[in-house]
Structures are given as structure tokens and as C-alpha cells.
Amino acid sequence: MAVRRESKHGLWSSRTAFIFAATGSAVGLGNVWKFPYITGENGGGAFVLIYLVCILLIGIPVLIAEILIGRRARQNPVHAFASLAQESGASSAWSLLGVAGVLASFTILSYYVVIMSWAFAYIFYTGSGHFGGENAEMVGQDFAGFLSRWPEMIAWTTLMVVMTMIVVAGGVRRGLERVVSTMMPGIVVILGVLIVYSIFDGRFWAGFTFLFAPDFGEISRDSIIVALGHAFFTLSLASGAMVAYGAYVPQEMSIAKTGILIAIADTAVALMAGLAIFPLVFAYELTPSIGPGLIFATLPIAFGEMPFGAFFGTLFFIMLFLAAFTSAISLLEPSVVLIMERFGLTRTRAVGIVGSAIWLCSMPTVLSQNVLSGFHPIGVGVLKGKTIFDILDFLTSNVMLPLGGFFTALFTAWIMSRESTRDELAMGASPWFAAWHFVLRYIAPIAIVIIFLNLIGVLKF
Ligand code: TRP
């Protein structure tokens, strides 16, 4: 049996510190912005159900696997896959899985900063009392106007990139814990306020029913891959983030329990966001499927009419921004570490290079909302009629992440020995271990393959 490695980087001060960092990465725009809008686009309850099954059956087992891989190897993701593969006598080409993860984080960050800039800009729009007394139509027009002002959006996006660069250049761990420990309770409280408000207003149940009463007639063919892709996205999987954080985890921490806890917190925030948003959508007869602008076209209506709305609204967008920011940090870090080590650069220089590249790559997403909104570069298949931003989002969440998850499952359950994974999880002969191993060995990979075959039309269901 292989000896355990001591971390080169020092350990998290405690289990709590790891939970904060991992939750900070997981809870972000995915929960509050993306989950509601894809749920709206995919017809509600049935989609939510499929999403929850994906989290439970694939997301949580892969999350546990990634933390395990990180802690076992105590190295950055690229080296972690290489050295664990070597330990099992497998090819060092498995390190490509680490590289693919870095590429996925980079691509996601290139559009993530743009959406984050919307949340940031809305702190000021809401805070200035702009939405006071506005009706649904005016709020919608405000957002459309905002999207059309691309020079302004470039300015906000630039600010986001620079802020993320500054934090990552300073070393990520300082301050992260404090930010997350404010953001998590903050976001739960503010979503709670919105939910309670809609209960008193009598419009809660329409939203609740939409989210939790499954109607499988509403599902379209790519709904399943969208649900699966989002399970990976929202838990920050298949990108090296959780492997990287796992490298700092203390040996006595239970990986399985902690992983489950993080997934529950993440799912709770997403469901709360849905419960805050959909009552408004139906009360104002808006279309649930309007896409990425959903929260920006709905929540300000509530902030415009409720008591202390400007206050709550400002607080909401501050929390959303902080949630996004802690995720953005975990999206930038892997690329920075990779090129630091690969080319022997200082952290500051690596941040400068990767950050500039991110800024440049964010421009097509900014312009997809206005100047290039009619530009649909691909004319066939699922990508037909999509803007550059839509394509980036689809390819990362629904292709790169599930593929990464597929290989991570194979790696953990077929390449690593059962003894070493059992030893690392410290679950002894527990049936839970057997179940987890079985899922990663068979269920998750087969499910991912079937969902892909459905997407490309080989299988149809
Ligand atoms: N999970 C974050 C969210 O829901 C986004 C995120 C952070 C992410 N790190 C990631 C997504 C790595 C995929 C891979 O907003």
C-alpha cells in the first residue's frame, strides 16, 4: 500500500476552513442565476427532479472522488492525476484530465466574469433606488437597455477581471474564509426574505408548483444533458477546483460526510433562489423561458414594490456578487498555478498573463448580448441559433464537464485500487463505500454515455 504524502502546501487550519472554501467555490452564479433560468427554459418540475437525481447519483459521488484524489496525492490537479496513475501502474497520460479541467475553468471564467459584472452593476442600479415603483415592463426594458450599452458592460467586466486578479495574485486563502462566512448566511437570509414576501403576497404557490410538480411533457431532448451539465457546474466539478482544494484537507476529516454537506448547502441555495424568483415570474405573467436575463428582469420588480426594497435589493446583489466572486477565484487559480509551474513564472506574472487572456476572451460574451446578438456561428445541431456566449456555456457545462466527470469516475473506480480509495475514505467495510464504488464504476459512466448518445441523436428518448 502506498504511503500517504504530506502536503507541500500546508493544511487547511481545520475542516471548517475547507468547507468554507469549497462552498465558496460551489455556491455562485450557478445557483442563483443559472439554475432558475435553465429551469425556466426546461419547463420546471420534471427538470428539477432530473437535476436532483443527477446531483445525488453522479454529482455527489464525483465530488467525493475529487476531494479524495486531491488529498491522496497532495498535489495540484495535473500532478495529482499523473502521480496516482503512476502509483497504480497506469499511463501518466491521465494528467491530461487535469489539463482538461484547467481548460474548462478558463473557458467558464471567460463568460463568468461578464455575468458577475451584471450582478455588480445591479448593486448600484438597485442601490440608487432606480427600480422604486417600476412595473414589470419597465424593469425588463431597463435590463434590455443595460445589455445594449456594451461600452459600459466592457468597463464593468474589466473591473471584475482586475478584482479577481488582485485577489488571486495575493494568494487565495487569505480573506476567503471571512468573505464566505458573510456571504452564505447573507444569501440565505435575503432569499428567505423574498420567499416570505411572496408567501404573504399569496403568489408563492404558483412558483412552488412550477418547481416541484413534475410534468414530463415539458422536457425537451437536451433537458437531460443540461441537468447533468449543471450538476457538474454547480458543484465546481471536473475542473480541478475540488482536487486542488482537496490537497489541503486534513487527514482526519471525513471526505464523504463533508462532500455531502457541501452538496446539500449548494442545492439548498439553488432551490431557494428558484422559490424566490418563480412566484414573481407567474405573478407578473412573464415568460419563465426568457433565458439568462431571468433574475435581472424579475427580482427588481419585487425590490421596486416591497418595503425597504432598495435596501434588500442592494443587499441581494452584493451577496450575489460575493458568491460569484468566491467562485471566480476558484476558476482563475487552476490556470495560474499551471502556468506558474510549467513556465517557472512568479505568481504575479502568471496572474497578469492569464488575467489578460481572460479579459480578451470575455469580449465575445459581452458582445453576444448586443452587437453580435444576431451572430450565430454554427448552423447545425444543438448549437444552431446560439450566440457565442450560448455556445461557450453549452460546450463547457454540457460537454467538457460531463466528459471530465466521466473520466474522473473511471479513474477513481478502475485505475486507483479499491484498497487505496477505501483507505482514503476511511469507511472500512461500510456498504456505503461499496455503493459509492459501484456508482463510480458502472452507474455514473454508463449514465453519462447514454445521455451523450441521446444528445447526438443516436439514442432517442
Ligand atoms: N460552481 C460555481 C457556480 O455554481 C461555478 C464554478 C466555480 C465552477 N468553479 C467551477 C464551475 C469549476 C465549474 C467548474 O457558480
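See the structure above.
Residues numbered from 1 in each chain as written. Predicted model: local features only at pLDDT ≥ 70, side-chain atom pairs only at ≥ 80, totals over all residues. Heavy atoms only, no water.

Undergrad: What am I meant to see in the nonpolar core here?
TA: In globular proteins that are soluble, nonpolar side chains generally tend to be buried together. Grouped together as the largest cluster of nonpolar side chains are 158 residues, with contacts concentrated most on Phe18, Trp33, Ile69, Tyr112, Trp118, Phe146 and Phe316. Sort the elements by how many residues they give to this core and helix H5 (residues 95-127) lands first, with 18 residues. Aside from chain neighbours lying at most four places away, what touches isoleucine 69 is Ala80, Phe81, Leu84, Val243, Thr408, Phe411, Thr412 and Met416. (Core = buried A, V, L, I, M, F, W, Y, C linked by side-chain atoms within 4.5 Å. Buried < 20%, exposed > 50% of the residue type's maximum accessible area, 1.4 Å probe, protein only. Helix = DSSP H or I, 4+ residues; strand = E, 2+ residues; numbered from the N terminus. Contact = heavy atoms within 4.5 Å.)

Undergrad: What am I meant to see in the layout of surface pockets here?
TA: Considered as a void within the structure, the largest pocket measures approximately 580 Å³ in volume. Forming the walls of the largest pocket are 32 residues, and the residues nearest its centre are Tyr37, Glu41, Gly291, Pro292 and Asp390. In the lining of the largest pocket, the residues fall into 13 nonpolar, 13 polar and six charged. (1 Å grid on protein atoms, 1.4 Å probe; cavity = no way out; pocket = protein on both sides within 12 Å on 5 of 7 lines; lining within 4 Å. Points joined across faces, edges and corners; volume = space filled by probe spheres on them. Nonpolar A, V, L, I, M, F, W, Y, C, P; charged D, E, K, R; others polar.)

Undergrad: Would you mind going over the site of the ligand with me for this structure?
TA: Among the 16 residues in the neighbourhood of the ligand, the closest are listed as Gly30, Tyr112, Phe233, Ser236 and Ser239. One of the backbone N or O atoms of leucine 29 is found 3.1 Å from an oxygen atom in the ligand. Separating a nitrogen atom of the ligand from a backbone N or O atom of threonine 234 is a distance of 3.2 Å. At a threshold of 2 Å from the grid points, most atoms of the ligand map onto the largest cavity. Taken together, the elements giving at least two residues each to the shell around the ligand come down to helix H1 (15-26), helix H2 (29-41), H5, helix H10 (223-234) and helix H14 (309-343). Split by residue class, the shell around the ligand holds seven nonpolar, nine polar and no charged. (Near = heavy atom within 4 Å. Polar contact = N/O pair within 3.5 Å; in protein donor to acceptor, adjacent residues only side chain to side chain. Sits in = over half its atoms within 2 Å of the grid points.)

Undergrad: Looking at this structure, how should I read the pattern of salt bridges?
TA: If the charged atoms of two oppositely charged side chains come close together, the side chains can form a pair. If you walk through the whole model with that rule in mind, you get eight salt bridges. Put simply, glutamate 424 and arginine 71 hold a salt bridge, and the shortest N to O gap is 2.7 Å. Of this pair, glutamate 424 sits in helix H17 (residues 418-425) while arginine 71 sits in helix H3 (residues 45-73); the two residues are 353 residues apart in sequence, bridging distant segments of the chain. Each member of the pair, glutamate 424 together with arginine 71, is buried. Salt-bridge contacts for aspartate 201 lead to arginine 203; the nearest nitrogen and oxygen are separated by 3.1 Å. What makes arginine 203 buried here is its relative accessible area of 11%. Salt bridges sharing partners connect three or more residues here, namely Arg71, Arg72, Asp423 and Glu424. (Salt bridge = Lys/Arg side-chain N within 4 Å of Asp/Glu carboxyl O.)

Undergrad: Any chance you could explain H2 here in plain terms?
TA: Three or four residues apart is the spacing at which side chains of an α-helix point the same way, because the helix has 3.6 residues per turn. Given a rise of 1.5 Å per residue, 13 residues ought to cover 18 Å, and the 17 Å separating the end C-alpha atoms of H2 matches this to within 8%. Its maximal kink placed at phenylalanine 35, H2 deviates by approximately 35 degrees, while the proline proline 36 follows within four residues. Among the 13 residues of H2, 12 are classified as buried, and the element is accordingly described as predominantly covered. Within H2, the full set of buried residues consists of Leu29, Gly30, Asn31, Val32, Trp33, Lys34, Phe35, Pro36, Tyr37, Ile38, Thr39 and Gly40. The first or second residue beyond H2 is glycine 43, which carries a positive phi of 85 degrees. (Expected span 1.5 Å × (residues − 1). Bend = angle between axes of the 7 residues up to and from the residue.)

Undergrad: Would you take a moment to explain the side chain of threonine 164 for this structure?
TA: Relative to the helices and strands, threonine 164 is located in helix H7 (residues 150-169). We classify threonine 164 as buried; its relative accessible area is 1%. Beyond its immediate chain neighbours, meaning those up to four positions away, threonine 164 contacts Met116, Phe325, Ala328, Ile329 and Leu332.

Undergrad: So what exactly am I meant to see when it comes to the packing of aromatic side chains here?
TA: Two descriptors summarise a pair of aromatic rings, namely the distance from one centre to the other and the angle between the planes of the rings. Considering all chains together, one arrives at 40 aromatic pairs under this definition. An angle of 25 degrees between the planes, with centres 5.6 Å apart, marks the rings of tyrosine 122 and phenylalanine 131 as stacked. Both residues of the pair, tyrosine 122 and phenylalanine 131, belong to the buried class. Consider the rings of phenylalanine 124 and tryptophan 156, whose centres lie 5.7 Å apart with planes at 15 degrees: the pair is stacked. Of the two residues, phenylalanine 124 sits in helix H5 while tryptophan 156 sits in helix H7, which places them 32 residues apart along the sequence. With relative accessibility at 45%, the residue phenylalanine 124 sits in the partly exposed group. Cluster of aromatic residues (ring-pair linked, three or more members): Trp118, Tyr122, Tyr125, Phe131, Phe143, Phe146, Phe296, Phe303, Phe316 and Phe317. (Phe/Tyr/Trp six-rings, centres within 6.5 Å; stacked < 30°, edge-to-face > 60°.)

Undergrad: Explain the packing of H2 against H3 to me, please; I cannot follow it from the model alone.
TA: Two numbers describe a pair of packed helices, the interaxial angle and the distance between the axes. Between H2 and H3, the least distance of the axes is 8 Å, while the angle of their chain directions is 130 degrees. Compared by their axis directions, H2 and H3 come out oblique. Crossing angle aside, the handedness with which H2 passes H3 is right-handed. Contacts between H2 and H3 pair Phe35, Ile38 and Thr39 from the former with Phe47, Val48 and Tyr51 from the latter. (Axes fitted to C-alpha atoms, helices over the stretch in contact; angles between N-to-C directions. Parallel < 35°, antiparallel > 145°, perpendicular 65-115°, else oblique. Left-handed = near helix turned anticlockwise from the far one by under 90°.)

Undergrad: Where do I start with unusual backbone geometry in this structure?
TA: Glycine aside, negative phi is the norm for most residues, and most peptide bonds take the trans geometry. With a phi angle near 50 degrees, glutamate 285 is a residue other than glycine that sits in the positive phi range. One non-glycine residue, alanine 426, lies in positive phi territory at about 50 degrees. Note on alanine 426: relative accessible area 64%, which makes it exposed.

Undergrad: Explain empty space enclosed by the protein to me, please; I cannot follow it from the model alone.
TA: Which parts of space are left empty comes out when a probe the size of a water molecule is rolled across the atoms. Under the defined criterion, the tally for this structure stands at three cavities of 30 Å³ or more. The volume enclosed by the largest cavity comes to roughly 150 Å³. Around the largest cavity, the lining is made up of 17 residues, and of these Ser25, Ile108, Phe233, Ser236 and Leu331 lie nearest the centre. Those elements that place two or more of their residues in the lining of the largest cavity are H1, H5, H10 and H14. Within the lining of the largest cavity, the residues separate by chemical class into nine nonpolar, eight polar and no charged. The computed volume of the second largest cavity comes to approximately 70 Å³. If you list the elements that add at least two residues to the lining of the second largest cavity, you get H5 and helix H16 (388-415).

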